Amino acid sequence: MIKPILLSCLAFFYLMLNSLCGIAQSLPTSVLYHQLLQLKETKRVLYVAAHPDDENTQLISALSNGEHVEVAYLSLTRGDGGQNLLGKELGTELGQIRTQELLRAREIDGGRQYFTRAIDFGYSKHPDETLQNWDKQSVLSDVVWVIRNFQPDIIITRFNTVPGGGNHGHHTTSAMLAEEAFDLAADPKAFPDQLQFVSPWQTKRIFWNTYNFGGDFQPEDSEKYAVIQVGEYNSLLGKTYSHIAANSRTMHKSQGFGATPRIGAGVDYLQLIKGEAFEVSAFEGIASRWKEIDSGEEIEAMFQQLLEKFDFKNPLINLKALMEIRARLATVNSEIPWLTEKSKKLDEFIIRLLGLKMEFVTTKELGYTGEKIQAQLVVNNPSRVLLTDVSLSLFDEEYDSKKKVSANNEPIYVPVDFTISESTPLSQPYWLINPIVGALYDVKDQTMIGRPFNEVSIAGDLTFRINEQEFQTTLPLEYKYNDQVDGEVKQPFTIVPEVDLEVSEHNVFLLPGVDPVVSIAVNFKSEIKEGELTFKNLKKSEFEILGVEDDLSQNKKIYRISFKLDKNEQREAVAQFTTSEGISYERVTHRISYKHVPNLTYFSPASINVIQEEWDVSGGKIGYIMGAGDDVPSVLASLGYEVSEINDFSLVNLSQFKSIVLGVRAYNTNKKLVANQQNLMTYVENGGNLVVQYNVANPLLIKNFGPYPFSISRGRVTVEDSPFEADWDHPVLAGPNKITEKDFGNWVQERGLYFVTDIAPGYSNPITFQDPGEKPQPGSLIYTKYGKGTYIYTGISFFRELPAGVPGAIKLFINLIEQ
């Protein structure tokens, strides 16, 4: 018996939903013909690497669009540990952005997307370090699971298994796990719990996609390679594969990976690692899957006949043959997963051929269970082919069109008024539902593992008939509106709690002379409810409600809270609002919005990091010059500083600030800063204190930005608790707060990155970090007096440590700005 392969179908279904929603017009017939070639082909390739943006989009584009094979990219992580060129989102927020960037990339290059549960915990220099963080068997089981689901004919790894040489430990690990999974996926004794959902699968070959970044790779005579042309022009699409690949790679906008298409021919080499020998082609000996099923060769021949007789000028003439293929497919075993996908893709193809526009839309973006929603189904058929019996099913209700037939560009509008079912889950990304355990997301449901994202929150099943054959497709409910700049915009309809909380400060510092007041808003989607605000992990004596007011205009209660701990310590408090009916709410709703990806929503506990210390903080004026984006200014404000973002670079304005801090990658992104660099250095010379956070070497908008020369390297220390050496008498460690060895404990993710080198003698280097097994690495923080002032450049990851509430790092940063 062939077992249904849930993940493969569902991942495909997710991508198909995105491609089907709101179809506005038919595709050019050349593109339809191209898709027909893909429908006929049955070969499959799984590409494996570690992060979003690791994938070779040229190879994926060429395989998907040139060879017409089904290509999937398995990224072990969601890129949570990376940097963000667009804004301040890091960690799980960045992982959500990069997940969607990958999905947008796959829509362009024709692939599909999978993930494991592994968390990108930051740069790793060796696979041993990587596997000290990841549970190897868990991640390996996920790779096996994806192979058994997708059933590739060949696997290609982006990286090889040779550690070192500057290769990321995650990269090397991805190749190691892929090679192990190549064998284990076929072994019924390996991860047997999976076999209630999938069957063992033997992939024919696994290759390494050798590095050919400069186009000068020379194959070794001792190795066997397959050659893939990746720069060819596809006349059906009107683009080269290099062009498609560049557009795909450009979707990695959070990483600043905008790409220009390569001009001319390009070649990729695949080195055989394991599997059957071959002479020329990587696909040698891989038979068409049509030959494995009843009537398969007949169906394949029907596709071939349609391709030979395809009418480009009058595409509707092709409908008869397509409907015959569809009827024949319906007689074949529907439990075969790749065949189920072909059937769905054939339906999608027919919908595109007719130019159908189908959408299920509403005029609001957020909803909660029990809420009444007014929506509309719109179906327009511009062709003369009759679309009959149009109906939408939602929450066990049927919504039929009074107008039974759609044709000749006369749209059908069906009002769909419904109440959101109480069983509808919140729109929480599935991998964030449970608390994170170590460096793996805790996903309880085996069938969810590997999926790129959740299924849509609310979707209706649309049915209709064409030539007496019934079609069914799923339409997600979308929020549709018109933007004055961007025109029509659609966003996912999102389920949120009926009551959620909003916290004004995530880090609260109880310091001498600082008496912070925190605002906590309780937001109601309907009427304001009476209730009580309490805090988990705090005694009643450790917080005081100073006041509460009802904001009727915004349906919220606003509490003013002060805290007082019994001793100097760090405590995580979680705010909780309990209604008079005994229902408790403690979630904060987070929203992320960028134009290149859909709006994103996730939920977290309303936690507040309360830190009580005896630190010396002056509370003076601090100027902040933003770079790519970070959360450091909010932490400084919570410490009692008066923080202002600098846009006026006149000396008169700069002179008011005790210290000026530059945000991360400011010299990579802020042109106004660069234009006023001389004023900034004059500010230092006149007695100011300038703290510059990390930049990367390329692209720098200015060559020299310190009083004396230094260069930016790629040096970093990746182990957050790595050993260090310190000059304890140095001004930044000696005061105003005495830094001790204890202050370097319990850091997060890393010590720092892009340390400086070629340091001029005028600088001092008070701290040296050292990754295990490596030499001490200077350049994490350099300091000099310049004129009457102080200049500090640091690659220490304060942009991670401060928002994470790491006391020692915060204490050190206070010293930097108090110089």
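As shown above, the structure is provided for reference.
Quick caveat, the model's predicted, so the values are computed rather than measured.

Thresholds applied
- Residues numbered from 1 in each chain as written.
- Predicted model: local features only at pLDDT ≥ 70, side-chain atom pairs only at ≥ 80, totals over all residues.
- Heavy atoms only, no water.
- Pairing = 2+ DSSP bridges.
- Helix = DSSP H or I, 4+ residues; strand = E, 2+ residues; numbered from the N terminus.
- Axes fitted to C-alpha atoms, helices over the stretch in contact; angles between N-to-C directions.
- Salt bridge = Lys/Arg side-chain N within 4 Å of Asp/Glu carboxyl O.
- Buried < 20%, exposed > 50% of the residue type's maximum accessible area, 1.4 Å probe, protein only.
- Parallel < 35°, antiparallel > 145°, perpendicular 65-115°, else oblique.
- Left-handed = near helix turned anticlockwise from the far one by under 90°.
- Contact = heavy atoms within 4.5 Å.
- Nonpolar A, V, L, I, M, F, W, Y, C, P; charged D, E, K, R; others polar.
- Polar contact = N/O pair within 3.5 Å; in protein donor to acceptor, adjacent residues only side chain to side chain.
- Core = buried A, V, L, I, M, F, W, Y, C linked by side-chain atoms within 4.5 Å.
- Phe/Tyr/Trp six-rings, centres within 6.5 Å; stacked < 30°, edge-to-face > 60°.
- Lys NZ or Arg CZ within 6 Å of the ring centre and 35° of its normal.
- Patch = residues over 30% accessible without salt bridge, like charges linked within 9 Å, V, L, I, M, F, W, Y side chains within 5 Å.
- Areas by Shrake-Rupley, 256 points an atom, 1.4 Å probe, with all protein chains shown as cover.
- Lys, Arg positive; Asp, Glu negative; His and termini not counted.
- Charge placed at Lys NZ, Arg CZ, Asp CG, Glu CD.

Brief notes about the sheet that holds strand β6 (residues 225–229)
At step 1: Strand order in the open sheet made by the seven strands is β3-β2-β1-β4-β5-β9-β6, with mixed pairing throughout. Looking along the sheet, the strands with just one partner apiece sit at the ends: β3 (112–115) and β6. For this sheet, the mean angle separating the axes of adjacent strands, direction not counted, is 30 degrees.
At step 2: In the sheet, strand β1 (residues 44–49) pairs with strand β2 (residues 70–75) via six bridges, with the strands oriented parallel. Directly across from L46, in β2, lies its bridge partner A72.

Quick word on the pattern of salt bridges
At step 1: For the coordinates displayed, the defined rule picks out 46 salt bridges.
At step 2: Two residues, K204 and E276, come together in a salt bridge whose shortest N-O distance is 3.0 Å. Taken together, the residues K204 in the loop between α7 (169–184) and β5 (205–209) and E276 in the loop between β9 (267–275) and α9 (296–309) connect sequence positions 72 residues apart.
At step 3: Judged by its relative accessible area of 23%, K204 is partly exposed.
At step 4: Between K291 and E297 there is a salt bridge, with its nearest N and O atoms 3.7 Å apart.
At step 5: Within the structure, one salt-bridge network assembled from shared partners comprises R44, E70, R112, E341 and K345.

Observations concerning the packing of helix α3 (residues 57–65) against helix α8 (residues 241–249)
At step 1: Following both chains from N to C, one finds α3 and α8 inclined at 125 degrees, their axes separated by 8 Å at the closest point. One finds that α3 runs oblique with respect to α8. Crossing angle aside, the handedness with which α3 passes α8 is right-handed. Only Y241, S242, I244, A245, S248 and R249 of α8 make contact with α3, whose side of the interface consists of T57, Q58, S61, A62 and N65.
At step 2: Across the contact of α3 with α8, the residue classes break down as four nonpolar, six polar and one charged.

Side note on the packing of helix α2 (residues 29–40) against helix α11 (residues 337–354)
At step 1: Running from N to C, α2 and α11 point in directions that differ by 165 degrees, and their axes come no closer than 10 Å. Considering their axes alone, α2 and α11 lie roughly antiparallel with respect to each other. Relative to α11, the crossing made by α2 is left-handed. Note on element contacts: α11 touches α2 through K342, K345, L346, F349, R352 and L353, opposite L32, Q35, L36, Q38, L39 and K40.
At step 2: The residue makeup of the contact of α2 with α11, split by class, is six nonpolar, two polar and four charged.

Some points on the side chain of S659
At step 1: With respect to the helices and strands, the residue S659 is situated in strand β34 (residues 659–662).
At step 2: Separated by 2.9 Å, the side chains of S659 and N689 make a polar contact.
At step 3: In this structure S659 touches K621, I622, G623, Y683, N689 and I817, once residues within four positions along its chain are discounted.

Quick notes on the side chain of E70
At step 1: Inspection of the secondary structure puts E70 in strand β2.
At step 2: What makes E70 buried here is its relative accessible area of 14%.
At step 3: Once residues lying within four places of it in the same chain are set aside, the contact partners of E70 are K43, R44, V45, R112, F150 and K345.

Focus: unusual backbone geometry
At step 1: The peptide bond linking N698 to P699 adopts the cis configuration, its omega dihedral lying at 5 degrees.
At step 2: Position of P699 among the secondary structure elements: in the loop between β35 (689–692) and β36 (711–712).
At step 3: At the junction of G735 and P736, the peptide bond is cis and its omega measures out at 5 degrees in the coordinates.
At step 4: Mapping P736 onto the fold places it in the loop between α17 (731–734) and β38 (756–757).
At step 5: Even without being a glycine, D53 presents a positive backbone phi close to 85 degrees.
At step 6: By the secondary structure assignment, D53 is in the loop between β1 and α3.
At step 7: Positioned with a positive phi, N537 is a non-glycine residue whose angle comes to about 75 degrees.
At step 8: Along the chain, N537 turns up in the loop between β24 (531–536) and β25 (543–551).

Notes on the nonpolar core
At step 1: Counting 54 residues, the largest nonpolar core has V416, F418, F464 and I466 as the members making the most contacts within it.
At step 2: Per-element tally for this core: the top contributor is α11, with eight residues.
At step 3: For F418, the residues in contact, after removing those within four places along its chain, are F360, E371, K372, I373, A375, L394, F395, Y399, I458 and L477.
At step 4: F191, V198, L432 and V597 belong to the second-largest nonpolar core, a separate cluster that totals 45 residues.

A short note on the environment of G620
At step 1: Following the sequence through the fold, G620 ends up in the loop between β31 (607–612) and β32 (621–625).
At step 2: With sequence-adjacent residues up to four places away left out, G620 is seen in contact with Y641 and E642.

Considering the packing of aromatic side chains
At step 1: For the structure on display, the rule yields 41 aromatic pairs.
At step 2: For the ring pair W431 and F453, a centre distance of 5.2 Å and an interplane angle of 80 degrees mean the geometry is edge-to-face. You can see W431 sitting in the loop between β16 (412–419) and β17 (459–466) and its partner F453 sitting in the loop between β16 and β17, a full 22 residues away along the chain. Residues W431 and F453 agree in their burial class; the two are buried.
At step 3: Over the ring of F283 we find K43; its NZ or CZ atom is 5.5 Å from the centre of that ring.
At step 4: The ring centre of F278 lies 5.4 Å from the NZ or CZ of K224, which sits over that ring.

Considerations on a negative patch on the surface
At step 1: A cluster of acidic residues, D396, E397, E398 and D400, forms a negative patch on the protein surface.
At step 2: Turning to its location among the elements, E397 is positioned in strand β14 (residues 397–400).

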